[in-house]
Amino acid sequence: GNTDWTVSKHLNAAAPVILKDVICRNLVWRVGRVEATVRKVTLATTHALLRAGSVPPQTLYACAAELVPLLCSQLDDNEASMRHMASLSISVVFDRLKGAFGPQAVSEMYPMLVKRFDDSNDDVRQCCIRAMGTFMSASLPGAFSGTSLDYTLDQLFVHLDDSNEKIQDACHEAIMVAARLPGSPGAGACSSCGELVTKKARDQRGSHRSPGRCDAILKELR
């Protein structure tokens, strides 16, 4: 596939069968070492297929209701490589299905991503924070609002003060995505997402070890 891209048309044609009858079936958690190995190979295949752009958006959209929850369930796996592959795959799905996620999808999935901000593996943490930014930009206008937006921003600002600079960068990017979201955030006196981010940056500035990141966000918003 890497040297002869004519394979793409065949993958496009077979994508519905591959996703529904192979990938979704084998991503379901089952007890046992053999089943765990099958699930790991399936997840690696999923990431390769999605990353290569071999799945047409209409096919991905048709399978999203089944595929996305299965991918999110892998974020709780005991093995860091599984969680990492899952977060990478989810990011691709979010990026390719912009405008496909409404309030219900947001309420169901944002807690799973936020939970991984505290993952024991920094690669997983960074990828899930970036995935959150992609998820916010892929959601319908107003879908990220109220509690989902407020809590997500609170957690992003906590990890904006992380000792790992890559985590700080990922949080900064996700926060700026949130600041540009359309519609009312539904958070008190703030009438826009930009105002909500500005308020949180000012509130958190004094509690961070260094105010530099909050200052950079405030400067960018001005």
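Everything discussed here concerns the structure shown above.
Residues numbered from 1 in each chain as written. Predicted model: local features only at pLDDT ≥ 70, side-chain atom pairs only at ≥ 80, totals over all residues. Heavy atoms only, no water.

Draft legend 1. Highlighting the overall build of the protein. From N to C terminus, the protein includes ten helices and zero strands. Going residue by residue from the N terminus, the α and β elements of the protein occur as α-α-α-α-α-α-α-α-α-α. On C-alpha atoms alone, the protein measures out to a radius of gyration of 19 Å, which is about the 17 Å that the 2.2 N^0.38 rule sets for 222 residues. Projecting the C-alpha coordinates of the protein onto the three principal axes gives extents of approximately 55 × 35 × 35 Å. Within the protein, the proportion of its 222 residues that are buried is 47%. In the protein, the share of contacts with a sequence separation of at least 24, taken over all contacts with a separation of at least 6, comes to 67%. About 11000 Å² of surface is accessible on the protein, with carbon and sulfur atoms providing 52% of the total. Once the 25 positive and 24 negative side-chain charges of the protein are each reduced to a mean point, those two points are 2 Å apart. (Helix = DSSP H or I, 4+ residues; strand = E, 2+ residues; numbered from the N terminus. Rg over C-alpha atoms; globule rule 2.2 N^0.38 Å. Buried < 20%, exposed > 50% of the residue type's maximum accessible area, 1.4 Å probe, protein only. Contact = heavy atoms within 4.5 Å. Areas by Shrake-Rupley, 256 points an atom, 1.4 Å probe, with all protein chains shown as cover. Lys, Arg positive; Asp, Glu negative; His and termini not counted. Charge placed at Lys NZ, Arg CZ, Asp CG, Glu CD.)

Draft legend 2. Quick look at helix α5 (residues 103–115). The first and last C-alpha atoms of α5 sit 19 Å apart over 13 residues, in line with the 18 Å expected at 1.5 Å per residue. Maximal helix bending in α5 amounts to about 30 degrees, located at Met-109; proline Pro-111 follows within four positions. Turning to α5, its buried residues are Ala-105, Val-106, Met-109, Tyr-110, Leu-113 and Val-114. Buried-residue contacts for α5 involve α3 (57–73), α4 (80–96), α6 (122–138) and α7 (146–159). (Expected span 1.5 Å × (residues − 1). Bend = angle between axes of the 7 residues up to and from the residue.)

Keep in mind these values describe shape, not function.
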